[in-house]
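Examination of the molecular architecture
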Amino acid sequence: PLALGRMQAILGDLSAAERLYLEALKLVPDEPEARRQLAVLYRLGGRPGDADKQCEAILAGPAPDAAKRWARRTLAAGLVARPDGFKRLPAALAL
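Report follows, based on the coordinates. (Residues numbered from 1 in each chain as written. Predicted model: local features only at pLDDT ≥ 70, side-chain atom pairs only at ≥ 80, totals over all residues. Heavy atoms only, no water.)

Structural notes on the overall build of the protein
Secondary structure summary: the protein contains six helices and zero strands in total. Each helix (α) and strand (β) of the protein, taken in turn from the N terminus, gives the series α-α-α-α-α-α. Oriented by its inertia axes, the alpha-carbon framework of the protein measures out at about 40 × 30 × 15 Å. Carbon together with sulfur atoms contributes 61% to the accessible area of the protein, which is approximately 5,800 Å² in total. (Helix = DSSP H or I, 4+ residues; strand = E, 2+ residues; numbered from the N terminus. Areas by Shrake-Rupley, 256 points an atom, 1.4 Å probe, with all protein chains shown as cover.)

Have a look at this one:
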């Protein structure tokens with residue numbers, strides 16, 4: 001499902017891509033790549049809260065260090081990209 005999800009995202013069918021990424025997570029709940037792809041999809045789709053949940057799940061799970069670094073960077077960027085980003089800068093730097 002993960003590879004098919006990527007294909008659907010490339011083709012622009014984001015609903016199908018989301019469904020396939022979620023299906024991949026049902027099969028392997030701690031799969032960091034499926035969570036990463038979902039986070040990207042959600043962020044691009046204007047759903048930063050959902051994207052943050054996927055990043056937090058990567059950090060909480062047994063993901064490789066590279067995946068955790070990506071999740072921390074993505075969470076930090078999301079914090080400072082908000083309208084009150086300067087107020088959130090200390091929290092972003094702490095990640």
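Thoughts on the packing of aromatic side chains
Inspection of the entire model under this criterion finds zero aromatic pairs. Here Arg36 stacks its cationic end above the ring of Trp70, 5.6 Å away from the centre of that ring. (Phe/Tyr/Trp six-rings, centres within 6.5 Å; stacked < 30°, edge-to-face > 60°. Lys NZ or Arg CZ within 6 Å of the ring centre and 35° of its normal.)

Points about the nonpolar core
Counting 18 residues, the largest nonpolar core has Tyr21, Leu38, Cys55, Ile58 and Trp70 as its most contacted members. When residues in this core are grouped by element, the largest group, five residues, is from helix H3 (residues 32-44). Those residues in contact with Ile58, other than ones at most four positions away along the chain, are Pro32, Arg35, Arg36, Ala63, Ala67, Lys68, Trp70 and Ala71. (Core = buried A, V, L, I, M, F, W, Y, C linked by side-chain atoms within 4.5 Å. Buried < 20%, exposed > 50% of the residue type's maximum accessible area, 1.4 Å probe, protein only. Contact = heavy atoms within 4.5 Å.)

Section: the packing of H3 against helix H4 (residues 48-60)
Following both chains from N to C, one finds H3 and H4 inclined at 160 degrees, their axes separated by 7 Å at the closest point. In terms of their interaxial angle, H3 and H4 are classed as roughly antiparallel. Considering only the axes of H3 and H4, their crossing is left-handed. Contacts between H3 and H4 involve Pro32, Arg35, Arg36, Leu38, Ala39, Tyr42 and Arg43 from the former and Pro48, Asp50, Ala51, Asp52, Gln54, Cys55, Ala57 and Ile58 from the latter. For the contact of H3 with H4, the per-class residue count stands at nine nonpolar, one polar and five charged. (Axes fitted to C-alpha atoms, helices over the stretch in contact; angles between N-to-C directions. Parallel < 35°, antiparallel > 145°, perpendicular 65-115°, else oblique. Left-handed = near helix turned anticlockwise from the far one by under 90°. Nonpolar A, V, L, I, M, F, W, Y, C, P; charged D, E, K, R; others polar.)

Here we look at the side chain of Glu18
Looking at the element boundaries, Glu18 is found in helix H2 (residues 14-27). Beyond its immediate stretch of four places on either side in the chain, Glu18 contacts Leu38, Leu41, Tyr42 and Arg47.

What to know about the packing of H2 against H3
For the pair H2 and H3, the least separation of the axes is 9 Å and the interaxial angle reads 155 degrees. As far as their axial angle goes, H3 and H2 are roughly antiparallel. The element H2 and its partner H3 pack so that their crossing is left-handed. Taking contact as the criterion, the partners of Leu14, Ala17, Glu18, Tyr21, Leu22, Ala24 and Leu25 in H2 are, on H3, Ala34, Arg35, Gln37, Leu38, Leu41 and Tyr42. By residue class, the composition of the contact of H2 with H3 is ten nonpolar, one polar and two charged.

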